[in-house]
Amino acid sequence: MQSPWKILTVAPLFLLLSLQSSASPAYNDLSRPSYSNGHTCVEKLFLKTTCYLVIDKFGSDIIKLLSADMNADVVCHTLEFCKQNTGQPLCHLYPLRKETWKFTLEKARRIVKKSPILRYSRSGSDICSLPILAKICQKIKSAIEQSVPFKDVDSDKYSVFPTLRGYHWRGRDCNDSDESVYPGRRPDNWDVHQDSNCNGIWGIDPKDGIPYEKKFCEGSQPRGIILLGDSAGAHFHISPEWITASQMSLNSFINLPTALTDELDWPQLSGVTGFLDSTVGIEEKSIYLRLWKRNHCNHRDYQNISRNGASSRNLKKFIESLSRNKMLDYPAIVIYAMIGNDVCNGKSDPVPAMTTPEKLYSNVMQTLKHLNSHLPDGSHVILYGLPDGTFLWDNLHNRYHPLGQLNKDVTYAHLYSFLNCLQVSPCHGWMSSNKTLRTLTSERAEQLSNTLKKIAASEKFTNFDLFYMDFAFHEIIQEWQKRGGQPWQLIEPVDGFHPNEVALLLFADRFWEKVQLQWPQILGKENPFNPQIKQVFGDQGGH
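Remember, predicted model here, so these are calculated numbers, not experimental data.

## Things to note about a negative patch on the surface
- The grouping of Asp388, Asp394, Glu443 and Glu446 at the surface amounts to a negative patch.
- Tracing the backbone shows Glu446 in helix H14 (residues 435-458).

This is the structure in structure tokens:
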């Protein structure tokens, strides 16, 4: 759950290391949908330019080193993607012959002795320091940091552009030249003349002169869904095809521009706000799609306010991107799901950097007060607890990572150790061979969950009621095992950390079941006019 810029810094390392396993057998990963429209121009330009520059600067030296039978670890250290500080252990992913390491590394350094790549890497520059990319990088970085759409003509925080915080993250705008038109608002004059809330329902029924919005939606208790989350909620995913040569084809990287401009996240397929059909062959739907199925008047009313690296500590930096007007908009269901980064970090000693229960209480209360000043009356907020992440090591450590499947030489234990050595691990506390550290991390997570539970039980707010729900991953594992699956199949295979699409959709299913049973008022009514809405408006303009 690193910040987006740190993740993109580490990404080339995964690609470099993948060269070592160029004949690795296919790793199970169903294809993701591709997107192609007029708005992909920025994505393609950025990716194409970056690709050419990377090949121009790094390609020649990488080829020289690999041609000299240097493995990926040697290449990584030679070109200083990996660095060994004085007194620190040597970071390596593949088996290391210590007796020949220094000789091999010195030989490799002679091969690229006059290489401009080393001057580039030692200068502290990154790809965005190049003049040709500086301007677009700044705009993209601003959109990511503020968690608002890159393209938003009327500045209402909604967009007609899919990525760069566009409608993959929040409902698509249906009029980007009018700031009073956006998903989730109460209809303007029952939308007689235009679709002011972008739910695809507007105009007047010629049979009786009654506005469709009034006829179909009045009294149906419309509501939106908003997620305040981290990279798990955003659905962070790196495709094994991108790092496993045997899986690569002309279509392998068709979705890479989309992934990069969505920060390697896939919110359009996430468990809370996903609006596309599952790519993994299960019937479960996201919470948003269930709300839409329950009441078609909820169409497009979703916001995924999640960020890679988000926690209770830094949510205040981007919570302003949440769009809700307590006077003009419908109520919302808000899920607070900072499930990892208050205990997860990549430091060599991760415990001191963990959030304390006292600090969590302060951070969450600040968030709730902000929500109370923005959410319409009748909203609901659910606080999600933190998981017990010891299941990661228990279920993955002795399994082979995609990079090690061919030669049976890289397990997840090796990957975790490598990332911890480089201090870029998303969660040193749980992705560690140190059982004591894993236990301490889980104990702190339980303390933070208990803090959230106490807040939900004791604090009251005027515009929303407050609930708590455990992040019960063991229940998801049990359900998956009933279907014949194994626990390790619920984790992203490349990073060995995040819940994958299957897990997220199973969580959505479990969330829905619990809410229906315990707090059915959160979900609102089932709209009896759903068939008529479909008959008159079809897919309501799609997503």
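## Side note on the side chain of Glu213
- When you line up the elements, Glu213 lands in helix H7 (residues 212-217).
- Of the side chains bearing the opposite charge, Arg185 lies closest to the buried Glu213, which forms no salt bridge; the N-O distance is 9.3 Å.
- One polar contact links Glu213 to Asn199, side chain to side chain, over a distance of 3.4 Å.
- Contacts of Glu213, omitting those with residues within four sequence positions, involve Pro187, Trp190, Asp191, Asn197, Asn199, Ile201, Glu218 and Tyr330.

## Overview of the sheet that holds strand E2 (residues 302-306)
- Across the sheet, 5 strands lie side by side as E2-E1-E3-E4-E5; this open sheet has parallel pairing. In the strand order of this sheet, the two ends are held by E2 and strand E5 (464-469), each with one partner. The sheet shows a mean angle of 15 degrees between the axes of neighbouring strands, taken without regard to direction.
- Judged from the 4 bridges that link them, strand E3 (residues 332-337) and strand E4 (residues 379-384) form a sheet pairing that is parallel. Looking at E4, one finds that Val334 is bridged to Val381.
- Lying on the sheet, helix H10 (residues 287-294) is in contact with strand E1 (224-229), E2 and E3; it crosses E1 at an angle near 170 degrees.

## Notes on the state of the cysteines
- This structure, assessed with the given rule, holds 5 disulfides.
- Put simply, Cys174 and Cys198 are joined by a disulfide, and their sulfur atoms are 2.2 Å apart. One quick way to see it: the torsion about the S-S bond of Cys174 and Cys198 is about -80 degrees, and its sign makes the bridge left-handed. Taken together, the positions of Cys174 in the loop between helix H6 (131-146) and H7 and Cys198 in the loop between H6 and H7 put the pair 24 residues apart, joining distant regions of the chain.
- You can call Cys174 partly exposed: its relative accessible area is 34%.

## Examining the environment of Leu227
- With respect to the secondary-structure elements, Leu227 resides in strand E1.
- Classification of Leu227 as buried rests on a relative accessible area of 1%.
- In sequence terms Leu227 and Ile335 are 108 residues apart; their C-alpha atoms lie 4.9 Å from each other.

Thresholds, definitions, all that
- Residues numbered from 1 in each chain as written.
- Predicted model: local features only at pLDDT ≥ 70, side-chain atom pairs only at ≥ 80, totals over all residues.
- Heavy atoms only, no water.
- Patch = residues over 30% accessible without salt bridge, like charges linked within 9 Å, V, L, I, M, F, W, Y side chains within 5 Å.
- Areas by Shrake-Rupley, 256 points an atom, 1.4 Å probe, with all protein chains shown as cover.
- Salt bridge = Lys/Arg side-chain N within 4 Å of Asp/Glu carboxyl O.
- Lys, Arg positive; Asp, Glu negative; His and termini not counted.
- Charge placed at Lys NZ, Arg CZ, Asp CG, Glu CD.
- Helix = DSSP H or I, 4+ residues; strand = E, 2+ residues; numbered from the N terminus.
- Buried < 20%, exposed > 50% of the residue type's maximum accessible area, 1.4 Å probe, protein only.
- Polar contact = N/O pair within 3.5 Å; in protein donor to acceptor, adjacent residues only side chain to side chain.
- Contact = heavy atoms within 4.5 Å.
- Pairing = 2+ DSSP bridges.
- Axes fitted to C-alpha atoms, helices over the stretch in contact; angles between N-to-C directions.
- Disulfide = S-S within 2.5 Å.

Any functional reading would require information beyond the geometric quantities listed.
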